[in-house]
Amino acid sequence: VPTETVPGRDADALVARALTGERAALARVLSFVDGGGDPARAVSRAVHARTGQSWVVGITGAPGAGKSTLTDRLVARVRDGGERVAVLAVDPTSPFSGGAILGDRVRMQEHATDDGVFIRSLATRGHLGGLSASVPAAARVLDAVGYPWVLIETVGVGQVEVEVAAHADTTVVVVNPGWGDAVQAAKAGLLEVADVFVVNKADRPGVRDTVRELDGMLELAGHGRGWRPPIVETVATDGSGIDALVDALRAHRGHQESSGSATARRRARVADELRAIVAEQLATVAAARGAGPRFDELVAAVDARTIDPYTAAAELAGPAAR
Ligand SMILES: Nc1nc2c(ncn2[C@@H]2O[C@H](COP(=O)(O)OP(=O)(O)OP(=O)(O)O)[C@@H](O)[C@H]2O)c(=O)[nH]1
Ligand SMILES: [Mg+2]
């Protein structure tokens, strides 16, 4: 976590170096983003105008479903096509880079010497705004420095994953064969956010049942978005089904771009992000107003029944309150 504050001009200089392809500068810029606060804001201002070129693929699903192995395969496939690709591994559960992410780094080692691949984990150390602020900000930096593909892998299934999925252009939900996995994903709200389903570990028994289960749930849910999520079977460890997955990703991208859904989705994303930033800033204001001598006086006054809590709160909140 950077401890110094970076005046806008320093952030500009660092971003400029990252734009020339300097990886150390890019890593530093992303640390500022992950750390939040003024440095993150300076970075956002410096990169924003250059963004809007990349396609963001979110990969989510239960722990151990094979997301990293799939990501690794996708990276290799994108590189075969000669395009650059960046990976963000997001661990919302851990305040530190946990074992899983460390493992991912080791597995991704084969791409370490490839200049066309940039891999980075975001631990998002609990700063205000959290993932909903730092993930899109980091993805935009990678967009600005010229990665046409940004893959975001999240760990675990929960509200945070759904949130991260909202920041992707295409969301891939990974499940495994076995009774109940599809149901778990549905319970976690992943049915609504999935653009592509992957049944990974298709070398294990129960694949047909899981596909049927997903199919049934999709049928019930209807396809209100004009896109029915395809279900792709993969064995990430040997690469089976990866071609079909890449085809599904391209098909979804094509659909989004031709139908105008991509634009609508990006607009909704901007709205979400703006809301998150406003919430973060108001929370900072709230924390400041909820302390100090005047606050203590008002607490005493409310306690002494000389003022009611709403009147006291209105004085503290000022114009922010109605
Ligand atoms: N049999 C089989 N094993 C697989 C397959 N894909 C991944 N695995 C194994 O499953 C384990 C977990 O794979 P990861 O890629 O780390 O899964 P993950 O979803 O990234 O895990 P977390 O990041 O910890 O949530 C590893 O031991 C993989 O080798 C597959 O298609 N078949
Ligand atoms: Mg992983």
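Look above for the structure.
In this text the structure is predicted, and so the values were computed from the model without any measurement. (Residues numbered from 1 in each chain as written. Chains lettered and ligands numbered in written order. Predicted model: local features only at pLDDT ≥ 70, side-chain atom pairs only at ≥ 80, totals over all residues. Heavy atoms only, no water.)

**Student:** Help me understand the overall build of the protein chain in this model?
**Tutor:** Check the secondary structure of the protein chain and you find 14 helices and 7 strands. Considering the protein chain as a whole, with its 322 residues, one finds that 45% of them fall into the buried category. (Helix = DSSP H or I, 4+ residues; strand = E, 2+ residues; numbered from the N terminus. Buried < 20%, exposed > 50% of the residue type's maximum accessible area, 1.4 Å probe, protein only.)

**Student:** I tried to follow the site of ligand 1 on my own but got confused; where do I start?
**Tutor:** Among the 18 residues in the neighbourhood of ligand 1, the closest are listed as Gly 66, Lys 67, Ser 68, Thr 69 and Asp 203. Here an oxygen atom of ligand 1 and a backbone polar atom of Ala 65 are 3.2 Å apart. At 3.2 Å from an oxygen atom of ligand 1 is found a side-chain nitrogen or oxygen belonging to Lys 201. Contact with the protein chains hides 76% of the accessible area of ligand 1, taken as 650 Å² for the molecule alone. Elements supplying a minimum of two residues to the shell around ligand 1: helix H4 (67–80) and helix H5 (99–107). Here the shell around ligand 1 gets 3 residues from one element, more than from any other, and that element is H4. (Near = heavy atom within 4 Å. Polar contact = N/O pair within 3.5 Å; in protein donor to acceptor, adjacent residues only side chain to side chain. Areas by Shrake-Rupley, 256 points an atom, 1.4 Å probe, with all protein chains shown as cover.)

**Student:** Which parts of the structure should I look at to understand helix H10 (residues 207–221)?
**Tutor:** Given 3.6 residues to a turn, an α-helix orients residues that are three or four positions apart in the same direction. For H10, built from 15 residues, the straight-helix expectation of 21 Å at 1.5 Å per residue is met to within 8% by its first-to-last C-alpha distance of 21 Å. Buried residues in H10 make contact with strand S5 (170–175), helix H8 (181–187), helix H9 (190–193), strand S6 (196–200) and strand S7 (231–234). Immediately beyond the C-terminal end of H10, within one or two residues, lies Gly 222, with a positive phi of roughly 75 degrees. (Expected span 1.5 Å × (residues − 1). Contact = heavy atoms within 4.5 Å.)

**Student:** Would you mind going over a nonpolar patch on the surface with me for this structure?
**Tutor:** A grouping of Val 270, Leu 274 and Ile 277 is seen on the molecular surface, where their side chains present a nonpolar patch of about 240 Å² in accessible area. With respect to the helices and strands, the residue Val 270 is situated in helix H12 (residues 261–289). For Val 270, a relative accessible area of 46% corresponds to the partly exposed category. (Patch = residues over 30% accessible without salt bridge, like charges linked within 9 Å, V, L, I, M, F, W, Y side chains within 5 Å. Salt bridge = Lys/Arg side-chain N within 4 Å of Asp/Glu carboxyl O.)

**Student:** Explain the sheet that holds strand S1 (residues 55–61) to me, please; I cannot follow it from the model alone.
**Tutor:** Two orientations exist for strands paired in a sheet by backbone hydrogen bonds: parallel and antiparallel. Strand order in the open sheet made by the 7 strands is S3-S2-S4-S1-S5-S6-S7, with parallel pairing throughout. Two strands bound the open sheet, and with one partner strand each, they are strand S3 (117–122) and S7. Averaged over all adjacent pairs, the angle separating strand axes in this sheet is 20 degrees, with direction ignored. Direction of pairing for S1 relative to strand S4 (residues 149–154): parallel, over a ladder of 5 bridges. Pairing of Trp 55 across the sheet is with Trp 149, part of S4. Contacts from H4 reach S1, strand S2 (85–90), S3, S4, S5, S6 and S7 within the one sheet, and its direction differs from that of S4 by about 175 degrees. (Pairing = 2+ DSSP bridges. Axes fitted to C-alpha atoms, helices over the stretch in contact; angles between N-to-C directions.)

**Student:** Even after reading the chapter, I still don't get the side chain of Ser 54, so can you show me in this structure?
**Tutor:** Note that Ser 54 resides in the loop between helix H3 (37–47) and S1. Filtering out sequence-adjacent residues up to four positions away, Ser 54 remains in contact with Asp 143, Tyr 147, Pro 148, Trp 149, Val 150, Asp 169 and Arg 266.

**Student:** Any chance you could explain the coordination of the magnesium ion (ligand 2) here in plain terms?
**Tutor:** Octahedral metals with six donors have ideal donor angles of 90 or 180 degrees. Tetrahedral metals with four donors have an ideal donor angle of 109.5 degrees. At this site the magnesium ion (ligand 2) is bound by Ser 68 (OG) and Glu 153 (OE), with donor distances of 2.1 to 2.2 Å. One end of the pair, Ser 68, is in helix H4; the other, Glu 153, is in strand S4, with 85 residues separating them in the sequence. Each member of the pair Ser 68 and Glu 153 is classed as buried. (Donors = N, O, S within 2.8 Å, 3.2 Å for Na, K, Ca; no water.)

**Student:** Just to check I follow, could you spell out the packing of helix H13 (residues 293–303) against helix H14 (residues 309–317) for this structure?
**Tutor:** For any two helices packed against each other, one specifies the crossing angle of their axes together with the interaxial distance. At a minimum axis separation of 10 Å, H13 and H14 run at an interaxial angle of 170 degrees. In terms of axis orientation, H13 runs roughly antiparallel to H14. Taking contact as the criterion, the partners of Arg 294, Phe 295, Leu 298 and Val 302 in H13 are, on H14, Pro 309, Ala 312, Glu 315 and Leu 316. Tallied by class, the residues present in the contact of H13 with H14 amount to 6 nonpolar, no polar and 2 charged. (Parallel < 35°, antiparallel > 145°, perpendicular 65-115°, else oblique. Nonpolar A, V, L, I, M, F, W, Y, C, P; charged D, E, K, R; others polar.)

So yeah, pure geometry; function would need other evidence.
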